[in-house]
Amino acid sequence: MLKGILSLFTSGMFINPMFLIGLGGGAYLSYYYNAETIYAFFFDFKIYAVAVAIAFVYTFLFNRVQKSFSTIVDWPETFKQFITNSINLLVTLVCATIFFEFLIF
């Protein structure tokens, strides 16, 4: 387990804002809510819509992909980056919530 946490530091994953938001959200959920509320919370559509909206704003404002050696935005690659950021945020949120719930309980 320590080797896995160390690899998160060495891979640069903690620099990714989607990872940090998911980690903070998981810590918040597990600290302020009990397990039954969190379970019901993840079956609600709103949490996924908010996560996708956050990933959309971050990707299309701050993380656009440029075509090589130009200032033109590569929209298909930016859309792929948006999908990747959305999945990263959701998976991190779920895994961090489970981890912190286990750690607190």
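Structure: above.
Being a predicted model, the structure only gives us computed values, none of them experimental.

**A few points about the overall build of the protein chain**
Along its length, the protein chain carries five helices and zero strands. Starting at the N terminus, the α and β elements of the protein chain follow one another as α-α-α-α-α. C-alpha atoms of the protein chain, sized along the principal axes, occupy 50 × 35 × 15 Å. Contacts in the protein chain between residues far apart in sequence, at least 24 positions, make up 61% of those at least 6 positions apart. On the protein chain, roughly 7,500 Å² of surface is accessible, and the fraction owed to carbon and sulfur atoms is 74%. Across the protein chain, the mean location of the 5 positive side-chain charges is 13 Å away from that of the 5 negative side-chain charges.

**Some points on the packing of helix H2 (residues 17-32) against helix H5 (residues 75-104)**
Packing of H2 against H5 brings their axes to within 7 Å, and their N-to-C directions diverge by 35 degrees. The two elements H2 and H5 cross, and the hand of that crossing is right-handed. Residue-level contacts link Met18, Phe19, Ile21, Gly22, Leu23, Gly25, Gly26, Ala27, Leu29, Ser30 and Tyr31 of H2 to Asn85, Asn88, Leu89, Thr92, Leu93, Ala96, Thr97, Phe100, Glu101 and Ile104 of H5. For the contact of H2 with H5, a count of residues per class yields 12 nonpolar, eight polar and one charged.

**Focus: a nonpolar patch on the surface**
A cluster of nonpolar residues, Tyr28, Tyr31, Tyr32, Tyr33 and Ile104, forms a patch on the protein surface that exposes about 620 Å² of accessible area. Per-element tally for the nonpolar patch: the top contributor is H2, with three residues. With respect to the secondary-structure elements, isoleucine 104 resides in helix H5. The class for isoleucine 104 is exposed, based on a relative accessible area of 51%.

Reading guide: rules and limits
Residues numbered from 1 in each chain as written. Predicted model: local features only at pLDDT ≥ 70, side-chain atom pairs only at ≥ 80, totals over all residues. Heavy atoms only, no water. Helix = DSSP H or I, 4+ residues; strand = E, 2+ residues; numbered from the N terminus. Contact = heavy atoms within 4.5 Å. Areas by Shrake-Rupley, 256 points an atom, 1.4 Å probe, with all protein chains shown as cover. Lys, Arg positive; Asp, Glu negative; His and termini not counted. Charge placed at Lys NZ, Arg CZ, Asp CG, Glu CD. Axes fitted to C-alpha atoms, helices over the stretch in contact; angles between N-to-C directions. Left-handed = near helix turned anticlockwise from the far one by under 90°. Nonpolar A, V, L, I, M, F, W, Y, C, P; charged D, E, K, R; others polar. Patch = residues over 30% accessible without salt bridge, like charges linked within 9 Å, V, L, I, M, F, W, Y side chains within 5 Å. Salt bridge = Lys/Arg side-chain N within 4 Å of Asp/Glu carboxyl O. Buried < 20%, exposed > 50% of the residue type's maximum accessible area, 1.4 Å probe, protein only.

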